[in-house]
Amino acid sequence: MDRRSALKTLALGGLSASPFGAVGCRPPPPITTPGDRTFEHPESEDDLVRLVNKARRLGLQLRVRGSLHSVSSAIFTDDRPGNINVQLDRYQKIIGWDEAKKQVTVQAGAHLGVDPQDPASSRENSFLWALHRHGWALPDLGGITHQTVGGFLSTGSMGGTIAYDVGEAIVCLRIVAGDGNVYELHADPGNPRDEEENPFYGAGVAMGLYGIISTVTFQCVDRYDVIGKQVTTSFSRCAVDLFGDKDGGLRKWSEEQTYNRVLLWPQQGVEKVQLWSARRTTAEDAPRTRARGGFVAKPFSQVPEALQSLAYLVYKHVDRTPPPYAPDTAALLRETINAFITDGTEEFWDHWLETLPMDNQVSDNYLPTEFTELFVDISETAPVMKALSELWAGDARMERTGPFATEVYPAKKSRFWMSPSSGRNSFRVDVFWFKSGKTDPDVALYPKYWELLRSFGFRFHWGKHLSSPDSSTGVSYRRAQNPNWDRFLAFRRTFDPDQIFVTDYWRAALGIPKKA
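All of the points below concern the structure found in this document. (Residues numbered from 1 in each chain as written. Predicted model: local features only at pLDDT ≥ 70, side-chain atom pairs only at ≥ 80, totals over all residues. Heavy atoms only, no water.)

Digging into the pairing of strand S8 (residues 211-219)
Moving residue by residue along a regular strand, the side chains alternate between the two faces of the sheet.
Link 1 in the chain: S8 sits mainly inside the fold: eight of its nine residues count as buried.
Link 2 in the chain: Pairing geometry for strand S4 (residues 103-107) and S8, over five bridges, is antiparallel. When the bridges of S8 are listed, Gln103 appears paired with Gln219.
Link 3 in the chain: Both strand S6 (residues 170-177) and S8 contribute to a ladder of seven bridges, which runs antiparallel. Note on S8: the bridge partner recorded for Cys172 is Thr217. (Buried < 20%, exposed > 50% of the residue type's maximum accessible area, 1.4 Å probe, protein only. Helix = DSSP H or I, 4+ residues; strand = E, 2+ residues; numbered from the N terminus. Pairing = 2+ DSSP bridges.)

Printed below as a string of structure tokens:
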């Protein structure tokens, strides 16, 4: 039975009593409405200044949304009358090309790529497509490019590589701070104490707590093409020692691949891995990638949307209760995953903006995903993988593995103070969860991982799930893991003296005291 037939059988047979409809039913519609009246829609930097001054004058909170890929509490103001939520859907133009320096300045509301949740977003009005047409590129991208420029930067998002860092390409940030002033911040490499004293390094990953990012100037590179492969196999047959350090193990593999990520399905009876790796093309690749003198892409292919819709039915049915699952439910999930994740090798080559965001084809409607993302020092790769293997061992009812994949991949050290990869090359563990709103991974799954990796000194991705502020991995722990913590908060007070950007969520998450 092929994968399509297997999933159809699962959907029709395993879910015959499901209340979620027939095969092919549509999930909820997009969550973005152009011109939504619950948001302010500024069109200029002067508009941003006016909104900030209004918030200061009236004692209100102000927050800016991007494409809603962070947890909602991290995005919006508290639910109190008058608070100002901002959407930059009318503030997304490229405002300057510096041909001599190969730099571009763009308004923070521009989407990197196409946001499928925003009907007004298209390839033609995306930032990356404009760069590509201009003959330029960014050195790296994340696994998806739905985000806005400002939203992507604010939480320290990045792709899977220790060769490149998008943050290194940021030349200048203009922010409208909480004091009502506009600041143009940039690095000052001539100052030997630059990275210790310059607020540029605080504003680069500030979770919206310094002010509104107005524009960003990027140092670009010549556009390039990418070639790679994805190998899907069982844990036992994997050519890389996933859970040990034979021949350097996963750390050496990830350091040797220019761009990479690993997806693990550790569920008992599945135990599959996908190794995705890529590099920039060279002249030696031309016989494969070019025909009649031009580049001919062989795109990376994710699971077709029709099959994602079938998986949606399975997960929607299962996610009525958290694990540990009943034996028949766990069996249904194993069959579903095995139908999706089939052994084999897929080779691909394409332009940088099409290939590096390898998860753009995964539907936010059919497979809505939330996760916690934990960064450890890359030297801890093998011990962390061993600890994960021990956690997953013998888990027949998915109480410790969860029902989704776990992603692991590297990150280059960042110069920004609050980046989870600040000052060190990192190894990331992303634990995925099907986002239905019916079960809570902060109770059902994530605490196991937070506690497991605590001894490795992990840091959180700020846009994803965080532990409770008073827990063993709460505020005191987070502060101990980041030598720049107090410096970041001191500059935050300077830029936002009235705390208009501080919500109850961020006050608790970072231990920000109330204004005197």
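Side note on the nonpolar core
Link 1 in the chain: If you look at the biggest cluster of nonpolar residues, it comprises 139 residues, and the most contacted ones within it are Phe127, Phe218, Trp352 and Leu510.
Link 2 in the chain: Ranked by residue count, the leading element in this core is helix H10 (residues 305-318), at eight residues.
Link 3 in the chain: Setting aside anything within four residues of it in sequence, one finds Trp352 in contact with Leu128, Leu131, His132, Trp136, Ala137, Leu138, Leu141, Arg223, Tyr224, Asp225, Val226 and Pro357. (Core = buried A, V, L, I, M, F, W, Y, C linked by side-chain atoms within 4.5 Å. Contact = heavy atoms within 4.5 Å.)

Digging into the sheet that holds strand S11 (residues 259-265)
Link 1 in the chain: Strand order in the open sheet formed by eight strands is S15-S10-S12-S11-S17-S18-S16-S19, and the pairing between neighbours is antiparallel. Only two strands of the sheet have a single partner each, and these edge strands are strand S15 (344-351) and strand S19 (459-460).
Link 2 in the chain: Bridge analysis of strand S16 (residues 369-377) against S19 gives two bridges, and the strand direction is antiparallel. The residue of S19 that forms the bridge with Phe375 is Arg459.
Link 3 in the chain: Across the face of the sheet, helix H15 (residues 446-454) comes into contact with S16, strand S18 (426-434) and S19 while running at roughly 5° to S16. (Axes fitted to C-alpha atoms, helices over the stretch in contact; angles between N-to-C directions.)

What to know about the side chain of Arg459
Link 1 in the chain: Here Arg459 is to be found in strand S19.
Link 2 in the chain: One buried charge, Arg459, has no salt-bridge partner; the nearest side chain with opposite charge is Asp377, at 7.4 Å.
Link 3 in the chain: Reaching out from Arg459, the side chain makes a polar contact with the backbone oxygen of Gln481 at a distance of 3.0 Å.
Link 4 in the chain: Residues within four places of Arg459 in sequence aside, it is in contact with Glu373, Leu374, Phe375, Ser419, Pro420, Ser421, Ser422, Arg424, Gln481 and Pro483. (Lys, Arg positive; Asp, Glu negative; His and termini not counted. Salt bridge = Lys/Arg side-chain N within 4 Å of Asp/Glu carboxyl O. Polar contact = N/O pair within 3.5 Å; in protein donor to acceptor, adjacent residues only side chain to side chain.)

Quick look at helix H8 (residues 249-256)
Link 1 in the chain: Burial in H8 covers these residues: Gly249, Leu250, Trp253 and Ser254. Along the axis of H8, the buried residues cluster in a sector spanning 140°; they form a single face.
Link 2 in the chain: Where H8 is buried, its residues meet S11, strand S12 (272-280), helix H13 (381-392), strand S17 (406-411) and S18. (Arc of directions from axis to C-beta.)

Focus: the sheet that holds S6
Link 1 in the chain: One open sheet holds the five strands; their spatial order is S3-S4-S8-S6-S7, and the pairing between them is antiparallel. The outermost strands of the open sheet, each flanked by one partner alone, are strand S3 (94-98) and strand S7 (182-186). Strand-to-strand twist across the sheet, computed as the mean angle between neighbouring axes with direction ignored, equals 15°.
Link 2 in the chain: Bridge count between S6 and S7: five bridges; the pairing is antiparallel. Within the sheet, the bridge partner assigned to Ile175 lies in S7 and is Tyr183.
Link 3 in the chain: Packing of helix H4 (residues 127-134) onto the sheet brings it into contact with S3, S4 and S8, and relative to S3 it is tilted by some 30°.

So, H4
Link 1 in the chain: The element H4 is largely enclosed, with a buried count of six among its eight residues.
Link 2 in the chain: Turning to H4, its buried residues number three or more, namely Phe127, Leu128, Trp129, Ala130, Leu131 and His132.
Link 3 in the chain: Just downstream of H4 lies Gly135, where phi reads positive at about 90°.

Focus: the packing of aromatic side chains
Aromatic rings in a pair are described by how distant their centres are and how their planes are angled relative to each other.
Link 1 in the chain: Within this structure, the stated rule accounts for 30 aromatic pairs.
Link 2 in the chain: Ring centres of Trp276 and Phe300 lie 6.3 Å apart, and the angle between their planes is 85°; on these two criteria the pair is classed as edge-to-face. Taken together, the residues Trp276 in strand S12 and Phe300 in the loop between strand S14 (294-295) and H10 connect sequence positions 24 residues apart. An identical accessibility class is assigned to Trp276 and Phe300; each is buried.
Link 3 in the chain: With 5.1 Å between their ring centres and 85° between their planes, Tyr505 and Trp506 make a pair best called edge-to-face. (Phe/Tyr/Trp six-rings, centres within 6.5 Å; stacked < 30°, edge-to-face > 60°.)

Brief notes about the packing of H10 against helix H11 (residues 327-340)
Link 1 in the chain: Relative orientation of the contacting elements H10 and H11 amounts to 165°, with a least axis distance of 11 Å. Relative to H11, H10 is oriented roughly antiparallel. Crossing hand, H10 versus H11: left-handed. Taking contact as the criterion, the partners of Leu307, Gln308, Ala311, Val314, Tyr315, His317 and Val318 in H10 are, on H11, Thr329, Leu332, Leu333, Thr336, Ile337 and Phe340.
Link 2 in the chain: Among the residues making up the contact of H10 with H11, the classes are represented as nine nonpolar, four polar and no charged. (Parallel < 35°, antiparallel > 145°, perpendicular 65-115°, else oblique. Left-handed = near helix turned anticlockwise from the far one by under 90°. Nonpolar A, V, L, I, M, F, W, Y, C, P; charged D, E, K, R; others polar.)

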